[in-house]
Amino acid sequence: MTVKEIFETMDYGPAPESAAEALAWLVDQGDKFGHYIDGAFTKPGKGFDSRNPATGEVLAKLTQAKQADVDAAVSAARKAQPKWEKLGGAGRARYLYAIARLLQKHSRLFAVLESLDNGKPIRESRDIDIPLAQRHFYYHAGMAQLMESELPDSEALGVCGQIIPWNFPLLMLSWKIAPALAMGNTVVLKPAEYTSLTALLFADICTQAGLPKGVVNIVTGDGAVGEMIVNSDVDKIAFTGSTVVGRRIREATAGSGKELTLELGGKSAYIVFDDADIDSAIEGLVDAIWFNQGQVCCAGSRLLVQEGITDRFHEKLRARMDSLRIGDPLDKCIDVGAVVDPVQLQTIKSMVESNTAGHMHQAACDLPANGCYYPPTLISGLETSDPLMQEEIFGPVLVSSTFRTPEEAVELANNTRYGLAATVWTENVNLALDIAPKLVAGVVWVNATNLFDAAAGFGGVRESGFGREGGWEGLTAYTKPKGKAKPLAKVEAGTGEGAPVDPIDRTAKMYVGGKQARPDSGYSKPVWGKSGLLGHVGLANRKDVRNAVEAAAGANGWSKTTGHLRAQILYYIGENLSARADEFAARIDAMTGKKDGAKEVQASIQRLFSAAAWADKYDGQVHGVPIRGVAIAMKESVGVIGALCADEAPLLGLVSAMAPAIAMGNRTVLVASEPYPLAATDFYQILETSDVPAGVVNILTGSHAELAKPLASHLNVDAVWSFSSTDLSKEIEVVSAGNLKRTWVNNATAFDWGVDHSRRFLQAATEVKNIWVPYGE
Ligand code: NAI
């Protein structure tokens, strides 16, 4: 045999990783697990088997939590929380460091247990999942250390309920637990029913680290246990999983005052331009869709190739697919392991079988006779509307179509209800950096894919959920502003009889698309002040909301303007208001019957100037992620924001919401103070003379209770805020689940409008997009 022949026929031999230690650990635990509550394991109870998906063997028996277990876990967490928070950042940092070190010390045990339980290749659990989990604890130990100096106005939320999926069991646990603990919260976490073992090993690590009891509690079970946590007395729910369940949790927590972050599904585009380094792009694709058997929320599952290279690209891709090695997850030579469970395997099979369109290629590989295996699959030639182009398959199945121009690539990439991630492959940095901001996604990778780090926030837009995990922005999901909020007080409209104060008919119109608009309903209502009738305002209805949203959506050019230009316009609004300050003050006093109108006008002018100042300074960041390159955290506008403005501060409430929103490039639909609407209808005269483009600010008048629902259910509204003195939090949050829009509602607490909360508004008015740009060859 010649060397050439040996080289050509040489195949990989098996390189099995031993499961002995992990299996011995399971035996040591008696192969049966209870829950980890208040620093100790409970007695195992009735439950279910945890199986190895590669073999079907039972690894351990797990306990299905009952309501009493969830209650015990929540009360242990509640009891432990104040002391944990008082320990201070430096005190908590020591425990987080200790956990990180122990994870490092037992890294191989964790990696093997993870692969046994989940079916992922040991190469991935060893080199990606477990090191990233450690990194998360190290990074957040640092965040705990810095909390008092860097976040002096923030405090812990309290007890956090955390529900995680099965695709990255320990990593998702770390993403949830590390920031929560760093900021002084305690947690009740439920791992996914298929993959609870590394969470239970983590519980053991918490004990070894001497973590005070009750700080981390872990309960096992299925979705029913998840529901119990959602409905329990926690201050926040952090969820990662399917969009269907995320939507249900949004509805269940609506109006409860529980904070919520949702990291949901995706159908992320993988765009390859004709100048790309094709071989690298193909290797990237292997990581994008065959990493973790494609069970990755941000998997590059939708390939878009530029037409000129399609045939060559597909040919090379098929050849690469045929060389992928599939089999025993504990074999170090394996590229693709087992799907997590027979149920998930069946879902993948039936989705693929239901498709008759396009052309399918499945990797030429021998699948192991037993176990949950599915071959790497490519389905090309699909139309955008084909179900497989739109639905998340969550398996090793790539769908592919083509595009001609960069504009078409962006259009196709954004043609999805999701918005989690996207990948751009081109040698032209100008093109990449032109495309990246146009992609509707929380993360964009340039000439790389599936890169993660604790320093770079991860999360989506649209139906991929809201909130970020990691980075500075991830911390806000585990903190709240310091101080106790006062209860909301309903502000009633004035009533009266008698002659108008002004004999001329004053029926204020609404303001839609830069024009004064009469209400569609044809109804108006009187506005009474202490001294008589001040005028009438229109009663907006669903149709007026639609018109206003359409105008706001159409004004999307505003989001592309510079911060400098937006600042100039905001200064201009401030100046024009200042010129009419006395008139506005008198109007406010006439409506409210108080004497603080002048103060309110001055504060409103200051809010406008603050927003103008921030317009070109509320910058993003460049994260020092551990690659040769950077992650650029860009702040982008949310889109169309609908706001029910404060009743008690008719001008200041409106301006405080509007100014930061438009400073960040959003367009707004503002519903004026219900009892005192005339300050808002006077205010649009200021907007008309201040060069605000049509549609950027739209002002409606009418009943908050009636307008909340059409606003919160409108699919072109991206965020809804409510500062109304009618508590509409529940109504808004329930219907917001439709397109999972962001909400900021007052939950029956009052806002102190006398204080400048610009930063909170700026934060609510922006989304962070992390664009990863590696350097060099
Ligand atoms: P799932 O969303 O049902 O499960 C995720 C977690 O939520 C698990 O811990 C589960 O026990 C819990 N859960 C289920 N129902 C719940 C409820 N009503 N209230 C509270 N918690 C609940 O995901 P599943 O069924 O395991 O997978 C189905 C599909 O979801 C997959 O095919 C995939 O498309 C998607 N998925 C997406 C993930 C992501 O990271 N975006 C992760 C896992 C699944």
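Nothing here was measured: the structure is a model prediction, and the numbers come from that model.

Q: Help me out: how do you make sense of the site of the ligand in this one?
A: Near the ligand lie 26 residues; those nearest to it are Ile164, Trp166, Lys190, Glu193 and Ser242. The separation between an oxygen atom of the ligand and a polar side-chain atom of glutamate 193 is 2.7 Å. Burial of the ligand by the protein chains amounts to 87% of its free accessible area of 800 Å². Only α9 (223–230), β9 (236–240) and α10 (243–253) provide two or more residues apiece to the shell around the ligand.

Q: Sorry, what's going on with the nonpolar core here?
A: Membership of the largest hydrophobic core comes to 111 residues, with the highest contact counts inside it found for Phe202, Val216, Ile218, Phe313 and Leu317. Residue contacts for isoleucine 218: discarding those within four places in its chain leaves His35, Tyr36, Leu173, Leu189, Pro191, Ala199, Leu200, Phe202 and Ala203. Core analysis: the second largest hydrophobic core is formed by 66 residues, Ala581, Leu608, Ala649 and Ile699 among them.

Q: Would you take a moment to explain the packing of helix α24 (residues 704–713) against helix α25 (residues 729–736) for this structure?
A: Two quantities define a packed helix pair, namely the angle between the axes and the distance from one axis to the other. At a closest axis distance of 8 Å, the pairing of α24 and α25 adopts a crossing angle of 25 degrees. By the angle between their axes, α24 is roughly parallel relative to α25. Where α24 crosses over α25, the two elements pack in a sense that is right-handed. Touching Ala708, Lys709, Ala712 and Ser713 of α24 are Ile732, Val735 and Ser736, all from α25. Here the residues of the contact of α24 with α25 are counted per class, giving 4 nonpolar, 2 polar and 1 charged.

Q: Looking at this model, I keep getting lost on the domain arrangement of the protein chain. Mind explaining?
A: A common way to state how big an interface is: give the accessible area lost once the parts meet. Domain boundaries assigned for the protein chain yield domain 1 (34–264 + 473–479), domain 2 (269–459) and domain 3 (491–773). Centre-to-centre, using C-alpha coordinates, domain 2 lies 41 Å away from domain 3. Each side of the interface is counted separately: domain 2 has 17 residues, and domain 3 has 13 residues. With both sides pooled, the region where domain 2 packs onto domain 3 buries about 1,100 Å², and carbon together with sulfur makes up 64% of that total. The interface formed by domain 2 and domain 3 contains 0 salt bridges. Between the two partners, domain 2 and domain 3, sit 9 residue pairs in polar contact (both at pLDDT 80 or more). Here the side of domain 2 that touches domain 3 gets 4 residues from one element, more than from any other, and that element is strand β17 (residues 443–446). The class makeup of the residues in the side of domain 2 that touches domain 3 is 13 nonpolar, 2 polar and 2 charged.

Q: It is not clear to me how the pattern of salt bridges should be interpreted in this structure. Could you clarify?
A: When the charged atoms of two side chains with opposite charge come close together, those side chains can pair. Per the stated rule, a full pass over the model turns up 28 salt bridges. Residues aspartate 453 and arginine 135 are paired through a salt bridge, measuring 2.6 Å at the closest nitrogen-oxygen approach. On the criterion of sequence distance, the pair formed by aspartate 453 in the loop between β17 and β18 (465–466) and arginine 135 in helix α6 (residues 122–150) is long-range, its members being 318 residues apart. You can call aspartate 453 buried: its relative accessible area is 6%. Each of Arg247, Glu391, Arg417 and Glu463 takes part in one network of salt bridges that share partners.

Q: Got a minute to help me understand the UniProt feature "domain: Aldehyde dehydrogenase" (unreviewed entry) in the protein chain in this structure?
A: According to UniProt, the positions carrying the feature "domain: Aldehyde dehydrogenase" (unreviewed entry) are residues 46–482 and 533–745. Span residues 533–745 is 48% helix and 19% strand, its end C-alpha atoms 32 Å apart.

Q: Hey, could you run me through the environment of lysine 316 in this one?
A: By the secondary structure assignment, lysine 316 is in helix α12 (residues 310–322). Its relative accessible area of 35% is what places lysine 316 among the partly exposed residues. When the C-alpha positions of lysine 316 and isoleucine 282 are compared, they lie 7.7 Å apart, and in sequence the two are 34 residues distant. What lysine 316 contacts, discounting residues up to four positions off in sequence, is Ile278, Asp279 and Ile282.

Q: Can you walk me through α6 in this structure?
A: Compared with the 42 Å implied by 1.5 Å per residue over 29 residues, the 39 Å span of α6 between its first and last C-alpha is a close match. Taking the largest bend as the criterion, α6 deviates by roughly 30 degrees, centred on alanine 144.

Q: Would you explain the packing of helix α5 (residues 107–118) against helix α8 (residues 197–208) in this entry?
A: One can describe the packing of α5 onto α8 by two numbers: an axis separation of 9 Å at closest approach and a directional angle of 155 degrees. If you check the angle between α5 and α8, you find them roughly antiparallel. Facing Leu109, Phe110, Leu113, Glu114 and Asp117 of α5, the residues of α8 in contact are Leu197, Thr198, Leu201, Phe202 and Ile205. Partitioned by chemical class, the residues of the contact of α5 with α8 number 7 nonpolar, 1 polar and 2 charged.

Definitions and cut-offs
All residue numbers refer to positions counted from 1 along the written sequence of the respective chain. It should be noted that, the model being predicted, local features are given only for residues of pLDDT at least 70 and side-chain atom pairs only at 80 or more, the latter also being counted only at that level, while totals for whole chains, interfaces and linings use all residues. As a convention, hydrogens and water are excluded, and side-chain values are obtained from all of the structure's heavy atoms. We call a residue near a molecule or strand whenever a single non-hydrogen atom of that residue lies within 4 Å of it. We call two N or O atoms a polar contact when they sit within 3.5 Å, provided that within protein one can donate a hydrogen and the other can accept it, with sequence-adjacent residues counted only if both atoms are side-chain atoms. Shrake-Rupley sampling with a 1.4 Å probe provides the accessible areas, and residues are treated as covered by the protein chains on show and by no other component. Working definition: helices are DSSP H or I runs of at least four residues, strands are E runs of at least two. Numbering for both runs from the N terminus. In these notes, a set of buried Ala, Val, Leu, Ile, Met, Phe, Trp, Tyr and Cys residues joined through side-chain atoms within 4.5 Å is what counts as a nonpolar core. Buried residues are those whose accessible area, probed at 1.4 Å on protein chains only, stays under 20% of the maximum for their type, while exposed residues exceed 50% and partly exposed ones sit between those limits. What makes two residues a contact is simply this: any of their non-hydrogen atoms within 4.5 Å. Between N-to-C directions, angles cover 0 to 180 degrees, with each direction set by a line fitted to C-alpha atoms, over the stretch in contact for helices. Throughout this description, any angle smaller than 35 degrees is read as roughly parallel, any larger than 145 degrees as roughly antiparallel, any in the 65 to 115 degree range as roughly perpendicular, and the remainder as oblique. Each crossing is labelled by how the near helix is turned from the far one, with a counterclockwise turn of less than a right angle marking it left-handed and a clockwise turn marking it right-handed. By the convention adopted, Pro, Cys, Tyr, Trp, Phe, Met, Ile, Leu, Val and Ala count as nonpolar, Lys, Arg, Asp and Glu as charged, and the other residues, Gly among them, as polar. An automatic or database domain assignment supplies the start and end points of every domain. Here's the idea: put two parts together, see how much 1.4 Å probe accessible area each one loses, and the total over both is what we call buried area. Whenever a carboxyl oxygen of Asp or Glu lies within 4 Å of a side-chain nitrogen of Lys or Arg, that contact is scored as a salt bridge. UniProt positions are given in the numbering used here, feature names are shortened, and annotations may be inferred rather than shown by experiment. Take the number of residues in a helix, subtract one, and multiply by 1.5 Å to get its expected span. Throughout, bend refers to the angle between the axes fitted to the seven residues that end at a position and the seven residues that start at it.

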